[in-house]
Amino acid sequence: MDNVISSNSLQPRRRWFAWFKQHKLITLIIISALLGGAYYLYQKQTNSGSAPRYVLAAVEKGMISTSISGSGQISASNQVEVKPKVSGDILTLSAKVGQEVKTGDVLAKLNSKEAQKSVRDAQVSLESAQLSLSKIKRGSTAEEIAAATRKVETAKKDLAAAKDDLVDVQEKTVIDLANTYEDAQNSVEDAYSKADDLLNRQLDKVFTGINTDSPELTFLTSNSQSETDSKWQFLTAHNQALPQLKSLSSTDDSNQAAVDQALVKAKEQLLVIQGFLNKLNTAVNAAVVTLDFTQSDLDSFKSTVNTAKSTITTQINNLTAAQQNLVDQRLSNKDSLSAAQDKIDSAQDSLTQAEEDLKTVKAGNDPLDIKAQEISVRQRQIALAD
């Protein structure tokens, strides 16, 4: 066939390719020479057909414009910051931005009210210091010495009066506390009196054999346990709590510690009686109405027990109030004594200061005081000048 290539026809090409591969540098030089020659022939042919062209024009004056663009922050080459010596609101602004000014030009006017007030205050302070300096240099007058002496005498009288007041307060606190203890002991006595009347007289219709070891209820109750508890606790209240209350009621009210203890123990005995009344109330509420114990009798017993409970509760509250009254009275006495002592301390301080003032007045001029006052005057002069 026509498109078949024989191996003999490819052998010359392979030899050339092998030679180029073995002589790379020579091959590179040959290729470069061929390319350079081709470029030279091309330039020569393109330039040989066109001649240089020139444009002619008349000479004339004109403006050449050149512009430069950019971004950034503009700042003045010479800038002065205005700092007035005083502060205040701006009333008028005489200069504008970009305006040229010269030395002595008024740029702005400030509100001078605050500055004027500061000047007046400095002037008053200076005058006061100058007056004090004059008095120190002049020395004390007879009138000033007399006034200082009178001040000492008044302070002595005030101190003596304060000490007398303390004695009166001490006596009053003793009396007030004694009266409070007397009232407290009266509360114990009243508690015994009320308990005795309740157990020995008010309940005589509820119990039989009150003064025996075997008291009995005068009515039947459906709650046998409450009946038993009522009789047992009546014995405890009548034979133990009531005698102790009687003993506490005879406490000497001048023995304050004994009265304090009597208040505590009396409340304990009243609580025993209160417990008995609660059990009795349960029994009465369970009472059985019969021909011999009518509903009217039951209502009367309920009223009696409720009244007794209220009486004992009131007595317990009275004893608690008596204890609080003693606490309040002690605090009141403490405050009164402290105030009286503070009054003495204040009077003593006033006397000490008055005596120091009199000593200073009599001593006359002190060079150090004069020097210190002169410095004070100079300081105020500088402040006024500023």
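Scroll up to find the structure this text is about.
J.: I keep staring at the pattern of salt bridges and nothing clicks. Help me out?
T.: Two side chains of opposite charge can pair, provided their charged atoms sit close to one another. Using the criterion set out here, one finds nine salt bridges in the structure. Asp-165 serves as the salt-bridge partner of Lys-343, at 2.7 Å between the closest nitrogen and oxygen. Residue Lys-343 is located in helix H7 (residues 295–363), and its partner Asp-165 is located in helix H4 (residues 142–202); the two are separated by 178 residues in the primary sequence. Here Lys-343 falls in the partly exposed class, since its relative accessible area comes to 46%. Given the relative accessible area of 28%, Asp-165 is considered partly exposed. Asp-176 serves as the salt-bridge partner of Lys-172, at 2.7 Å between the closest nitrogen and oxygen. Of this pair, Lys-172 and Asp-176 both sit in helix H4, four residues apart, which is roughly one turn of that helix. Taking the relative accessible area as the measure of exposure, Lys-172 reaches 52% and is therefore exposed. The network of salt bridges with common partners includes Asp-196, Asp-197 and Arg-201.

J.: Where do I start with a nonpolar patch on the surface in this structure?
T.: On the surface, a nonpolar cluster with roughly 280 Å² of combined accessible area is contributed by Ile-26, Ile-30 and Leu-34. Here Ile-26 shows up in helix H2 (residues 24–47).

J.: Looking at this model, I keep getting lost on the nonpolar core. Mind explaining?
T.: A general trend in soluble globular proteins is that nonpolar side chains are found buried together. By size, the foremost hydrophobic cluster in this structure holds 43 residues, and its most contacted members are Leu-199, Ile-273, Phe-276 and Leu-280. By residue number, the principal contributor to this core is helix H6 (residues 256–285), which donates eleven residues. Of all hydrophobic cores here, the second largest spans 13 residues; its members include Val-152, Leu-166, Ala-347 and Val-361.

Rules of the game
Residues numbered from 1 in each chain as written. Predicted model: local features only at pLDDT ≥ 70, side-chain atom pairs only at ≥ 80, totals over all residues. Heavy atoms only, no water. Salt bridge = Lys/Arg side-chain N within 4 Å of Asp/Glu carboxyl O. Helix = DSSP H or I, 4+ residues; strand = E, 2+ residues; numbered from the N terminus. Buried < 20%, exposed > 50% of the residue type's maximum accessible area, 1.4 Å probe, protein only. Patch = residues over 30% accessible without salt bridge, like charges linked within 9 Å, V, L, I, M, F, W, Y side chains within 5 Å. Areas by Shrake-Rupley, 256 points an atom, 1.4 Å probe, with all protein chains shown as cover. Core = buried A, V, L, I, M, F, W, Y, C linked by side-chain atoms within 4.5 Å.

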